[in-house]
Amino acid sequence: MSTPVLVAVGWPYASGSRHVGHLAGAYLPADVFARHQRRVGNEVLMVSGSDVHGTPITVRADAEGVTPQDIVDRYHNEFVAQWAEIGIAWDNYTTTGTPHHARVTQEMFLQQLENGHIDKRTSDQFYDPEADRFLPDRYIEGTCPHCDYAEARGDQCDNCGRTLDATDLVSPRSTISGATPVLRATEHFYFRYSDFTERVAAWLRTRKGWRPHVHNFVLAWAEEDGLLDRAITRDIEWGVELPVDDLGPGKRIYVWYDAVIGYLSASQEWAAQRGDDDRWRLWWENDDARHVYFIGKDNVPFHCLFWPAQLMGAGDLHLPDDVPANQYVTFKGGKASSSRGVGLTIAEGLELFQPDGLRYALAANFPEQADTDISVAEIARRINEELVATWGNLVNRVLSMVHKNHGAQPASDGRTAQDEAVLAAVDASLATAGEQIERVELRNALRTAMDGAQAINAYLNATEPWKLAKSDPERSAVVLATALDGINGVRVALSPFLPFSSAILDDALGAVDGWQRVPVAPGTPIAKPVPLFTKVDVDELLADADPADG
RNA sequence: GGCGACGUAGCUCAGUUGGUGAGAGCGCUCGACUCAUAAUCGAGAGGUCGACAGUUCGAAUCUGUCCGUCGCUACCA
């Protein structure tokens, strides 16, 4: 009955601040899903961490004259503080920079090496003689051979949009030092992803219920192109050390091989931290476990093709059961990007909005089917006209009346069919929202939960307890008790989305276990309520905000 | 260039395998109510479903072309 559920969340890259698009794309949907899973009684392990390796971090460190670890520390600490502020409840949020992660990565590497899935090859790579380092294609600029654009990057020309090979560039130069790069032979380990094309394709064909845009994409990739072998080491000093020394010094494991291993290493780290070293096996060596990966669509190939191949090559570890990747949140039609100043960083979002307000607005706009365009005005609209008006106001009006007229939850003997009907509507919305969250249709689930609130609002307008208080006080008491019982159901449906205001209601009405509506015990004292949410002053907000965010 | 996706009411989006008069939320108009954060409830207006041409008894839903937007293209992760 209790299912072990691994909620695996894409690892934020510790190279800069993350924006609310990342929040809406991965961290928040994962948190909503995990909170629901915990509530229904499943054994949830939600893991992620800061991805600390990769070239952009070392380049940034060089540019600022600090160490890569300084960059990593800065952003990892920022992320950790923000998770607490926005209420992302990890079971383990770690980093890929721990000795533990290095050991797990090395063990997996050795296992795959032993199994024959890793081999050594030599290739020519561009080398910056001045900076004394090998260069990824994107750190080489030159003149585009197609359009003569002078600042084309080695991987792509921003002017004509064509994909390039760095060797195509006319008069190439290093973006790090400006020096002319030279080709130099280098030896690296390759993971033989091609060994797994058939197995991965066959496995993908058995997946049911995946989002079409994810499933179609990776099926076509596996069946038409197949998986290609990729170098999983680099000529860098910043990365997990190799567990074998036969490549010589200056070689490290590359970020995209080790980052996904973080899901496994974080699970093992979690187990060790709670003094139960083998506990992770409940999720990873258990066919009955369920693994759900929350990532952005840019990460789909890594999680649906490469990571499964790595797992297959390492032995018999649990493969992903679903990868409900989200599309992008865009701002004014442009992809959110903190580096280009488009959209809001998480810090900016938290500065402008209450955590539950921001969570509500983003959840209502999760890009589950297609890219979704949002703005500061749209977030404010969702908060003021939906969250505050429908839900916050409902709680406030009912608690106010109960407090003023009774001071405590009244008894509700003698309910009519009308009373039972509104409770049935709440129960139905609670059940439906649960099913939708189970299918990771979180936008729909939020809408369904709000339908429960609207049903109670309609019920109040139909019964008019404020009039009954004078004409028929006993009936008024039953209506108010019924409305409050309804609220106690709706708040369960909303609890995965709104953890902060849910905690306030736990205090006011008593905690509720499970995914169910529980009556508020008659006699429960009801204090004069403080509004759960405050309205956003849109004019002030838009005056302050960058016009580009409006 | 190649591959893929998208373009549905003012805004953000749903629309299973083609089939009774095209939907939701918000906004807007009108009405009701006044307990509540000028909140709530009801009713209504509003769309030739990007354009054109096809397939079909019948298409927002299938095919082709075009226009527009976007993503991926394996060294951004």
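Residues numbered from 1 in each chain as written. Chains lettered and ligands numbered in written order. Predicted model: local features only at pLDDT ≥ 70, side-chain atom pairs only at ≥ 80, totals over all residues. Heavy atoms only, no water.

Novice: Would you mind showing me how to read the nonpolar core here?
Specialist: Soluble globular proteins tend to bury their nonpolar side chains together. Residues V7, W83, F353 and W391 are the most contacted members of the largest nonpolar core, which totals 97 residues. At 13 residues, the largest contribution of residues to this core is made by helix α13 (residues 376–405). Looking at which domains feed residues into this core, each of domain 1 (4–106 + 254–346) and domain 3 (374–509) supplies at least three. With sequence-adjacent residues up to four places away left out, F353 is seen in contact with L344, L358, V376, I379, A380, I383, V536 and L541. Core analysis: the next-biggest nonpolar cluster, separate from the first, contains 55 residues, W203, W210, Y263 and Y293 among them. (Core = buried A, V, L, I, M, F, W, Y, C linked by side-chain atoms within 4.5 Å. Buried < 20%, exposed > 50% of the residue type's maximum accessible area, 1.4 Å probe, protein only. Helix = DSSP H or I, 4+ residues; strand = E, 2+ residues; numbered from the N terminus. Domains from an automatic or database assignment. Contact = heavy atoms within 4.5 Å.)

Novice: It is not clear to me how the domain arrangement of chain A should be interpreted in this structure. Could you clarify?
Specialist: One widely used convention gives an interface's size as the accessible area the parts lose upon coming together. Partitioning chain A into structural domains gives domain 1 (4–106 + 254–346), domain 2 (118–248) and domain 3 (374–509). If you average the C-alpha positions of domain 1 and of domain 2, the two centres end up 22 Å apart. Listed per partner, the contact involves 40 residues of domain 1 and 35 residues of domain 2. Interface area, domain 1 with domain 2, both sides summed: about 3300 Å², of which 69% is carbon and sulfur. It is Y254, L305 and M312 that lose the most area in domain 1 upon contact with domain 2, and together they represent 20% of the buried surface on that side. At the surface where domain 1 touches domain 2, the tally comes to one salt bridge. One salt bridge connects R133 with D62, and the closest N-O pair in it is separated by 2.7 Å. Put simply, domain 1 and domain 2 have twelve residue pairs in polar contact (both at pLDDT 80 or more) between them. The set of elements that each furnish at least two residues to the side of domain 1 that touches domain 2 consists of α2 (55–64), α3 (68–86), α4 (99–114), α7 (255–258) and α10 (300–314). Counting residues per element, the side of domain 1 that touches domain 2 draws most heavily on α10, which supplies eleven residues. (Buried area = accessible area lost by both parts, 1.4 Å probe. Salt bridge = Lys/Arg side-chain N within 4 Å of Asp/Glu carboxyl O. Polar contact = N/O pair within 3.5 Å; in protein donor to acceptor, adjacent residues only side chain to side chain.)

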